[in-house]
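Remarks on the overall topology
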Amino acid sequence: MMEKVDVSNLRARNAEVVGTDAEMDKVKHSVDKLSMEVDNLDQRVNEVERFYSSKSVNQPSTSWSTSSRNNKDRERYAPSFKKLQQDASRREAAAAKRMQDLMRQFGSILRQITQHKWAWPFMQPVDVEGLGLDDYYEVIDRPMDFSTIKNQMEAKDGTGYKHVREICADVRLVFTNAMKYNDEKSDVHGMAKTLLAKFEEKWLQLLPKVIEEETRREEEEAEAQLNMQLAKQAAHAKTARDLSNELNEVDSQLEELRDMVVKKCRKISLEEKRNIGIGLSKLRPEDLTKALEMVAKTNSKFVLRDEDLELDIDAMSESTLWRLKFFVKDALRVQGRGSSNCEENKADNRKPATKLSNNPVSKTKKDTSNALANTAKKRNKMPAP
């Protein structure tokens, strides 16, 4: 997405180029400042890249999730995080109020069941010790009764029921426990079975409202998640733009630093020019193209696409020569590492060069670099003026 500015080798290079200690300190300070800025930008770039590479971003949740124009629309209309938090609080409060209303309606059902003439055995916890039910806790894992349910419904400390289905489950547990522990022929078993059937009948009357509320909650939650995703994308899109601007600013500062170094730098020697020419002749075609692009960037008369390239190394500016020197040095070092891996890699590295040499433009570029090397050698043999 964005290119990181490479300032890792600036200190060593500036030490080679700049003369006095005071000038070197000034350059070092500028490089250190740029290094810190680049490190900070790199971390922020990684955050943006991680966000856009995550699965959640790739989900096509809306019909306007692809085009660049729609991206701008999404960023423009995406709600802010503060508004999302406010909306979430209001939504949760409204949902809690609706659920409380459902619980009150359920309370009416519960009163009808508990007022039945057969409800008395289930109103209080089972007196296990008083009735001598030694095996009760071996049979019943979770005892339940209507007084416990009522206390849970009226709890004000946040420990009460949050959903009407939780109450429904506990009411069922009251009757299923009684049916499980008592024999089918016993009165308690029959009373529990009858009351459970009455309860299920009345619960079915309330169930559509419960399902409607659950569906509404799911839809609101899905919409909230979508809005949060849009807000995140808008925030990261803005971050990406800001990062791009800041990286451009760093590039500008780096260019100013280069210009300052060039003004203070020593002249490239004939030996160094000769080495540049020899190095150019050893570059791979793709690296040679990059080197020629450097020349074209600082020389408007030099047309890279011309079939007949004329390149006079003595006519280049000092800044171009320094850049070529460092580029050639780095490129040859990378080539050296690649060629030392194994014979198979060597063969692979040679194949593209052979193919590219058949291209007239590539061949001309290669001839140009060879001519540079030969010219540099001849001039090196000439006595200095």
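Below, the structure is looked at part by part. (Residues numbered from 1 in each chain as written. Predicted model: local features only at pLDDT ≥ 70, side-chain atom pairs only at ≥ 80, totals over all residues. Heavy atoms only, no water.)

1. Some thoughts on the side chain of Asp 170
- Along the chain, Asp 170 turns up in helix α8 (residues 164-181).
- Assessed through its relative accessible area of 6%, Asp 170 is described here as buried.
- There is a polar contact of 3.0 Å between the side chain of Asp 170 and the side chain of Arg 142.
- When residues no more than four places from it in sequence are discounted, the contact partners of Asp 170 are Arg 142, Met 144, Ile 149 and Tyr 161. (Helix = DSSP H or I, 4+ residues; strand = E, 2+ residues; numbered from the N terminus. Buried < 20%, exposed > 50% of the residue type's maximum accessible area, 1.4 Å probe, protein only. Polar contact = N/O pair within 3.5 Å; in protein donor to acceptor, adjacent residues only side chain to side chain. Contact = heavy atoms within 4.5 Å.)

2. Topic: the packing of aromatic side chains
- Under the criterion given, the structure shown has 7 aromatic pairs.
- Measuring from centroid to centroid gives 5.8 Å for Phe 106 and Phe 199, while their planes differ by 75°, and the two rings are edge-to-face. In this pair, Phe 106 is assigned in helix α5 (residues 81-114) and Phe 199 in helix α9 (residues 187-264), connecting sequence segments 93 residues apart. Summarising the burial analysis for this pair, Phe 106 and Phe 199 share the class buried.
- With a centroid separation of 5.9 Å and an interplanar angle of 75°, the aromatic rings of Phe 106 and Trp 203 are classed as edge-to-face. Separated by 97 residues along the polypeptide, Phe 106 in helix α5 and Trp 203 in helix α9 bring together distant segments of the chain. Considered together, Phe 106 and Trp 203 belong to a single accessibility category, that of buried residues. (Phe/Tyr/Trp six-rings, centres within 6.5 Å; stacked < 30°, edge-to-face > 60°.)

3. Describing the packing of helix α7 (residues 146-154) against α8
- Remark: α7 packs on α8, axes separated minimally by 10 Å, with the N-to-C direction vectors making an angle of 170°. Classed by the angle they form, the pair α7 and α8 counts as roughly antiparallel. In contact with Phe 146, Ile 149 and Met 153 of α7, α8 contributes Ile 167, Asp 170, Val 171, Val 174 and Phe 175.
- The residue makeup of the contact of α7 with α8, split by class, is 7 nonpolar, no polar and 1 charged. (Axes fitted to C-alpha atoms, helices over the stretch in contact; angles between N-to-C directions. Parallel < 35°, antiparallel > 145°, perpendicular 65-115°, else oblique. Nonpolar A, V, L, I, M, F, W, Y, C, P; charged D, E, K, R; others polar.)

4. Observations regarding the environment of Asp 135
- If you trace the backbone, Asp 135 turns up in the loop between α5 and α6 (136-139).
- Sequence separation between Asp 135 and Tyr 181 is 46 residues; the distance between their C-alpha atoms is 9.4 Å.
- In this structure the side chain of Asp 135 is engaged in a polar contact, spanning 2.6 Å, whose partner is the side chain of Tyr 181.

5. Topic: the packing of helix α11 (residues 285-298) against helix α12 (residues 318-339)
- The interhelical angle for the contact between α11 and α12, taken along N-to-C directions, is 170°, at an axis separation of 10 Å. Relative to α12, the element α11 lies roughly antiparallel. Only Thr 320, Arg 323, Leu 324, Phe 327, Ala 331 and Gln 335 of α12 make contact with α11, whose side of the interface consists of Asp 287, Lys 290, Ala 291, Met 294, Val 295 and Thr 298.
- In terms of residue class, the contact of α11 with α12 is built from 6 nonpolar, 3 polar and 3 charged.

6. A short note on the pattern of salt bridges
- As enumerated under the stated definition, the model contains 16 salt bridges in all.
- One salt bridge connects Glu 214 with Arg 165, and the closest N-O pair in it is separated by 2.6 Å. Here Glu 214 is found in helix α9, whereas its partner Arg 165 is found in helix α8, with 49 residues between them in sequence.
- Given the relative accessible area of 35%, Arg 165 is considered partly exposed. (Salt bridge = Lys/Arg side-chain N within 4 Å of Asp/Glu carboxyl O.)

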